[in-house]
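What the coordinates show
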Amino acid sequence: MTIIEKILARHAGKKTVKPGDIVDVEIDVRIARDFGGPNVVKNLVENGLEIDDPSKTFFTFDTNPTGSDQKYAANQHFCRQFAREKGIKVFDINVGIGTHTAIEEGLAIPGATLVSTDSHANIVGAVCAFGQGMGDQDIAAVWATGKAWFKVPPSAKLILKGERPKGITAKDIVLNLLHHFGANGLLGLAVEVQGEEVERLTLDERITIASMATEMGAIILLFEPNDEVMEFCEKRSGKKIEKIAADPDAQYDQVFELDLSTFVPMVSRPGHPDDSVDITKIGKVKIDSAFIGSCTNGRIEDLRIAASILKGRKVAPGVVLKIVPSTDEVWQQMMEESLLKIFKEAGALVGNAGCAGCAAGQIGQNGPGEITISTGNRNFAGKQGKGEVYLASPAVVTASAIAGYITTPDQLPERPVTFEDLQATVFSYQAKGKPQIEKREAPTVVEGKVWIIEKDNIDTDMIFHNRYLTITQIEEMGQYTFDNLQGWEDFAQKAEKGDIIFTGKNFGAGSSRQQAVDCFKALGVQAIVAESFGAIYERNAINAAMPVLTYDPQIIKQLDLKQRDKVRINFETGEIENLSNGKKAHINPFSDVQMAIYKRGGLLNKA
């Protein structure tokens, strides 16, 4: 078996599993964060569910570690009260990013399973654990039962051959991978990363690369642990750990070989992490701000790189450099090694450990017209604010902050570039009405008018932006649907109850937010039909009894389907008919598991 198959088989009590099998998996580490946690609690309370095992259940407050927003502060306190009552450990606002904490605390170890309301829970692939981000209903079910159903994914092998060129960081490696694979080149795959240079990667470097699996559509990137990782995990967990590796005769769906010696320093242009290019091809882009941190590059090795470049230098006039360590442990190391002194003398702002720029509640956000270079893993429109965000390594971000424009450490100018007048772009949002949600039976055949949205990689920030994540009432969510999707900002105003959406590949890529599913339910959308879905989004929709189906793109032509045609879809058989012209075709029907959850009205509803 492959690594992922071994982990899932062991936690499902089975000798073997194969791709496509649906298994109930015991979860070792069960996490809810401060933005998803309140809804997890709400789901448990409303359904009369208790905690299966408090010792395996955790809250991590990392998206707003300052508690500076009233709604976040209320949500955090609500979770603390629940934790006190149920005996659940809280890694509070002083601790840092939950997935990193799970690794540092010895909870995520080789062969373990972990779920979280964090869409980057698969970062624990860095220590060869299985991690997945989930919506709040899914997490509530895990907290109540200790298990989650998973479809065993196909495995792939990614072999990085050759030597790593001098100056190529782990972030450069993963941006090169994004350039090669794009946003969906590894869609639905559990990828084992191998190679001589891979074996030499430090834990911090593995974390950086693993953190961007989601951005390539992968279920997870798994690194077989080397001696350093094994020693770290055994020391932190206090356990003797069995090293996990694939069997010699393991079967892989695909094998990729890339030459590491050809990798170059990369920058992702604003809007899409996979729009990564050789840094020499973008020119000297003037920046307003720089950010070092996030679950991708907030480790001590990242901060050491930044300090080595900043020492004895200043941040360019008018440029703001924001630095946020990933955890309090990293913060303490930063102080002990006098890195904090270097940062402050250079003119940087250093924040509390946490997610920072990726979450609206902490430093790292930018304003309209602002150009930021960031070490984060996402730069979707609006994700890190209303400006534009380039993604790069800590070395490039630091050098750019000193120069005042995007550059590399070996190309620093004698003097920083000063600002020219910049014209800001102000975003405006039109208020929308609140729809009423009507309870209905679960029909297996539906009819409705179609919206054809011919776009791939529509991410969750485009569907339901993170500025609305504090909303917990479904009836309030519909009005914000697609208001961050270019060309579809007025969708909620135009949508009619009973509509059906047809769209492209990798719909729902990005974060684990349940609201990106529930907003469609609020509008009365009957089904979403896509060429493929982001893995987290698909299971969130299935578990919320929101009909999602996949189709071959040729179906649009077969049906001669046009905007606002009326169609009939049979969820059981996959038969679809364009009622406007009588043409028929077939799409992929519901699986047995999906149908069972759908008929009972959602994962948390009793059969």
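Rules used throughout
- Residues numbered from 1 in each chain as written.
- Predicted model: local features only at pLDDT ≥ 70, side-chain atom pairs only at ≥ 80, totals over all residues.
- Heavy atoms only, no water.
- Axes fitted to C-alpha atoms, helices over the stretch in contact; angles between N-to-C directions.
- Helix = DSSP H or I, 4+ residues; strand = E, 2+ residues; numbered from the N terminus.
- Parallel < 35°, antiparallel > 145°, perpendicular 65-115°, else oblique.
- Left-handed = near helix turned anticlockwise from the far one by under 90°.
- Contact = heavy atoms within 4.5 Å.
- Nonpolar A, V, L, I, M, F, W, Y, C, P; charged D, E, K, R; others polar.
- Buried < 20%, exposed > 50% of the residue type's maximum accessible area, 1.4 Å probe, protein only.
- Arc of directions from axis to C-beta.
- Phe/Tyr/Trp six-rings, centres within 6.5 Å; stacked < 30°, edge-to-face > 60°.
- Lys NZ or Arg CZ within 6 Å of the ring centre and 35° of its normal.
- pLDDT = per-residue confidence, 0-100.
- Salt bridge = Lys/Arg side-chain N within 4 Å of Asp/Glu carboxyl O.

1. Some words on the packing of helix 11 (residues 300–310) against helix 13 (residues 339–346)
- Two numbers describe how helix 11 lies on helix 13: the axes approach to 9 Å, and their chain directions differ by 50°. Comparing their axes, helix 13 and helix 11 come out oblique. Every pair of crossing elements has a handedness; the one defined by helix 11 and helix 13 is left-handed. Contacts from Ile 300, Leu 303, Arg 304, Ala 306, Ala 307 and Leu 310 in helix 11 reach Leu 339, Ile 342, Phe 343 and Ala 346 in helix 13.
- Tallied by class, the residues present in the contact of helix 11 with helix 13 amount to nine nonpolar, no polar and one charged.

2. Considerations on helix 20 (residues 592–599)
- Buried within helix 20 are the following residues: Gln 594, Met 595, Ile 597 and Tyr 598. The arc enclosing the buried residues of helix 20, seen along the axis, measures out at 165°, which places them on a common side.
- Where helix 20 is buried, its residues contact strand 7 (147–151), helix 18 (535–543) and strand 22 (548–550).
- Downstream of helix 20 by one or two residues, Gly 601 has phi in the positive range, about 85°.

3. Concerning the packing of aromatic side chains
- Counted under the stated rule, the structure contains 22 aromatic pairs.
- Seen from their ring centres, Phe 482 and Phe 507 are 6.4 Å apart, and the 85° between their planes marks the pair as edge-to-face. With a gap of 25 residues between them, Phe 482 in the loop between helix 15 (460–463) and helix 16 (491–494) and Phe 507 in the loop between strand 20 (500–503) and helix 17 (515–523) connect regions that are remote in the sequence. Across the pair, exposure class does not vary: Phe 482 and Phe 507 are buried alike.
- For the ring pair Phe 533 and Tyr 537, a centre distance of 6.3 Å and an interplane angle of 5° mean the geometry is stacked. Neither Phe 533 nor Tyr 537 differs from the other in exposure class; each is buried.
- Site record: aromatic cluster; members linked through ring pairs are Trp 451, Phe 482, Trp 488, Phe 491, Phe 507, Phe 520, Phe 533 and Tyr 537.
- The positively charged end of Arg 539 is found above the aromatic ring belonging to Trp 149, 4.5 Å away from the centroid.

4. Side note on the confidence of the model for the chain
- Chain-level pLDDT for the chain is 92 on average; 95% of the residues reach the 70-or-more range.
- For residues 421–438, every residue scores under 50 in pLDDT, and the model assigns this stretch 32 contacts once sequence neighbours within four places are set aside.

5. A word on the pattern of salt bridges
- A complete count under the given rule lists 35 salt bridges for this structure.
- Its salt-bridge partner being Arg 539, residue Asp 138 comes within 2.6 Å of it at the nearest N-O pair. Taken together, the positions of Asp 138 in helix 5 (residues 136–145) and Arg 539 in helix 18 put the pair 401 residues apart, joining distant regions of the chain.
- For Asp 138, a relative accessible area of 2% corresponds to the buried category.
- Linking Asp 461 and Arg 513 is a salt bridge whose minimum nitrogen-to-oxygen distance equals 3.0 Å. Taken as a pair, Asp 461 in helix 15 and Arg 513 in the loop between strand 20 and helix 17 lie far apart in primary sequence, 52 residues in all.

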